[in-house]
Amino acid sequence: MKNLTTYLFVMFMIMFWVFRIIVAFCYNMGLEFITIPMDLNFEIILLFLTFVAMILVIKRSMLGGIIYLIGYGLYFGTSIFNTLTANGAVMDMMTYTDLLFSGIGILLPILVLFDLLLDKNRKAHPKDKKTDWFYKNKEYDRQLDERADKNQYRIS
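Residues numbered from 1 in each chain as written. Predicted model: local features only at pLDDT ≥ 70, side-chain atom pairs only at ≥ 80, totals over all residues. Heavy atoms only, no water.

Any chance you could break down helix α1 (residues 4-29) for me, citing the residues and the numbers?
In this model α1 runs 37 Å from its N-terminal to its C-terminal C-alpha over 26 residues, within 8% of the 38 Å that 1.5 Å per residue would give. Of the residues making up α1, those classed as buried are Thr 6, Phe 9, Val 10, Met 13, Phe 16, Trp 17, Phe 19, Arg 20, Val 23, Ala 24 and Cys 26. Positive phi shows up at Gly 30, right after α1, with a value of about 85°. (Helix = DSSP H or I, 4+ residues; strand = E, 2+ residues; numbered from the N terminus. Expected span 1.5 Å × (residues − 1). Buried < 20%, exposed > 50% of the residue type's maximum accessible area, 1.4 Å probe, protein only.)

Here's what the structure looks like:
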């Protein structure tokens, strides 16, 4: 994790994960909160799966980003689809907040996966500013002088 974007995405992942833990806890205790989980059992499974995915994303594994996208896509994607295709349903404030948090739940894994894809490209073709100016520049290529091949040293 060398880039600022990677640190920010991991921080947002952790903050959203903690938010979803609070949502599940409040729903389980019967407390009112901003939003409620769509399915509590799937939410708890998703929380553990997200923890594993976060560890893999921190280690820069593409598998972590894919797991994160698939898990959140299944959970929040169905919520968005069901909300938008509800015929004649009245949209109240709770529905809008669920739609907002579901949108964040879809957008965040997509951005994390794009960050991982861009980082894999950087790992395959690294650029090091400390040494590239010397080794990747034709002006600084080492050239042999005319004496290099003509020196005959005798051991007597």
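Structure's up, so let's keep going.
Quick rundown of the packing of aromatic side chains? Include the residues and the values.
Any two aromatic rings considered together are summarised by their centre-to-centre distance and by the angle between their planes. In this structure the tally under the stated criterion is 10 aromatic pairs. Each ring, one from Tyr 68 and one from Tyr 72, has its centre 4.7 Å from the other, and the planes form 40°; the classification is tilted. With Tyr 68 and Tyr 72 both in helix α3 (residues 62-84) and 4 residues apart, the pair spans about one turn of that helix. On the accessibility criterion, Tyr 72 (1% relative accessible area) is buried. In this structure an aromatic cluster arises from ring pairing among Phe 16, Phe 19, Phe 33, Phe 42, Tyr 68, Tyr 72, Tyr 75, Phe 76 and Phe 101. (Phe/Tyr/Trp six-rings, centres within 6.5 Å; stacked < 30°, edge-to-face > 60°.)

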